[in-house]
Every structure is written in structure tokens, then in C-alpha cells.
Amino acid sequence: QFSTLLEAVKIAGLADTLAGAGPFTVFAPNNDAFAKIPNDDLDALLAKPEALEAVLLRHAVNKIILGKDIPQGSNRIKTIEGEEIEVFNDCGEITITSCEGKAKVIKTDIMASNGVIHIVDTVF
């Protein structure tokens, strides 16, 4: 379910970073999220490690944020890349909005050794 993300992380040179001590929260696009990107656009992105790195770091935060701890309404959070994203909680339905798009969190609170993963339905 994350093979495209894992390939992208390797290409961008982020494998060691994201496997580091953390703590991290990763809003992880699954394979279906990457499949929404037209093939030519995805191939072009995968061919540009620096651009890919910026996209991937937009999905990661340098602290642990559990789904149950996200306050109701709009919350601004700074990503590792430095961009502020909006994390909106509407009675447990969580959406993420960045300068590049919007995603719905489809599964929260998958614990990892260095943080937490939330699965999102779109690359943002």
C-alpha cells in the first residue's frame, strides 16, 4: 500500500532522515493517492529528486500528532519543509490543506518506532 511512497523516499534521499530518531508525524499518501497523479507528471516528479524532496517533506512534521489530539476546527502546523499546512478536524474527519492541494486522512494513528503515520488519500 506504500510502495510508491517508499520508492519516492529513496529517490529523494530521505530514507535515512525519516528512519532517524524523530519524532515525526507523516501524512503518508498510499499507492491510490499516487495513482491520482497522471503518469507523465509522476514520472517527471520522480526524475527530480529535489522537487520530490520538497513534496515529501510537506507531508511530515517534526513532532508526534495523534489524530485524537487534533483540536476541532482549523489548526496550522509547520512541516519539516517549513510550509504551514492546515489540519482541519471536523468531528473526527481530518483533512489536510497545503499550498499544493487537499487530502483526507483515511486512517490515523499508525504508530512507528519514531513517530506516527496517518494515511492520506491524495498527494498534497
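Residues numbered from 1 in each chain as written. Predicted model: local features only at pLDDT ≥ 70, side-chain atom pairs only at ≥ 80, totals over all residues. Heavy atoms only, no water.

> Mind laying out the overall build of the protein, listing which residues take part and the relevant values?
Secondary structure assignment for the protein yields five helices and seven strands. Helices and strands in the protein line up, N terminus first, as α-α-β-α-α-α-β-β-β-β-β-β. C-alpha extents for the protein along the principal axes are approximately 40 × 30 × 25 Å. Taking all 124 residues of the protein together, 43% fall into the buried category. (Helix = DSSP H or I, 4+ residues; strand = E, 2+ residues; numbered from the N terminus. Buried < 20%, exposed > 50% of the residue type's maximum accessible area, 1.4 Å probe, protein only.)

> An account of the sheet that holds strand 3 (residues 73–78) is needed here, citing residue identities and associated values.
Here we have seven strands laid out as an open sheet, ordered 2-1-7-6-5-4-3, and mixed in their pairing. Looking at which strands have only one partner, the edges of the open sheet turn out to be strand 2 (60–61) and strand 3. Pairing of strand 1 (residues 24–29) with strand 7 (residues 115–120) involves six bridges; the strand directions are parallel. Across the sheet, residue Pro 29 finds its bridge partner in strand 7, namely Val 120. (Pairing = 2+ DSSP bridges.)

> So, the nonpolar core: which residues are in play, and what are the values?
Counting residues in each nonpolar core, the largest one holds 20 residues, and the members touching the most others are Leu 5, Leu 14, Phe 34, Leu 52, Leu 56 and Val 123. Secondary-structure elements contributing two or more residues to this core are helix 1 (3–11), strand 1, helix 3 (31–35), helix 4 (39–46) and helix 5 (49–57). Tallying contributions element by element places helix 5 first for this core, with four residues. Leaving out residues up to four positions away in the same chain, Leu 56 has contacts with Leu 5, Ala 8, Val 9, Ala 12 and Leu 14. By size, the runner-up hydrophobic cluster in this structure holds 13 residues, among which are Ile 65, Ile 94, Ala 103 and Phe 124. (Core = buried A, V, L, I, M, F, W, Y, C linked by side-chain atoms within 4.5 Å. Contact = heavy atoms within 4.5 Å.)

> Quick one: what's the story with helix 1, residue by residue and with numbers?
Within the sequence span of helix 1, burial applies to Thr 4, Leu 5, Ala 8 and Val 9. Taken down its axis, helix 1 places every buried residue within 135 degrees of arc, on the same side. In this structure, helix 1 carries Leu 6 and Lys 10 as exposed residues pointing more than 90 degrees from its buried face. Check the buried side of helix 1 and you find it contacts helix 2 (15–18), strand 1, helix 3, helix 4 and helix 5. A positive backbone phi angle near 75 degrees is found at Gly 13, which sits one or two residues after helix 1. (Arc of directions from axis to C-beta.)

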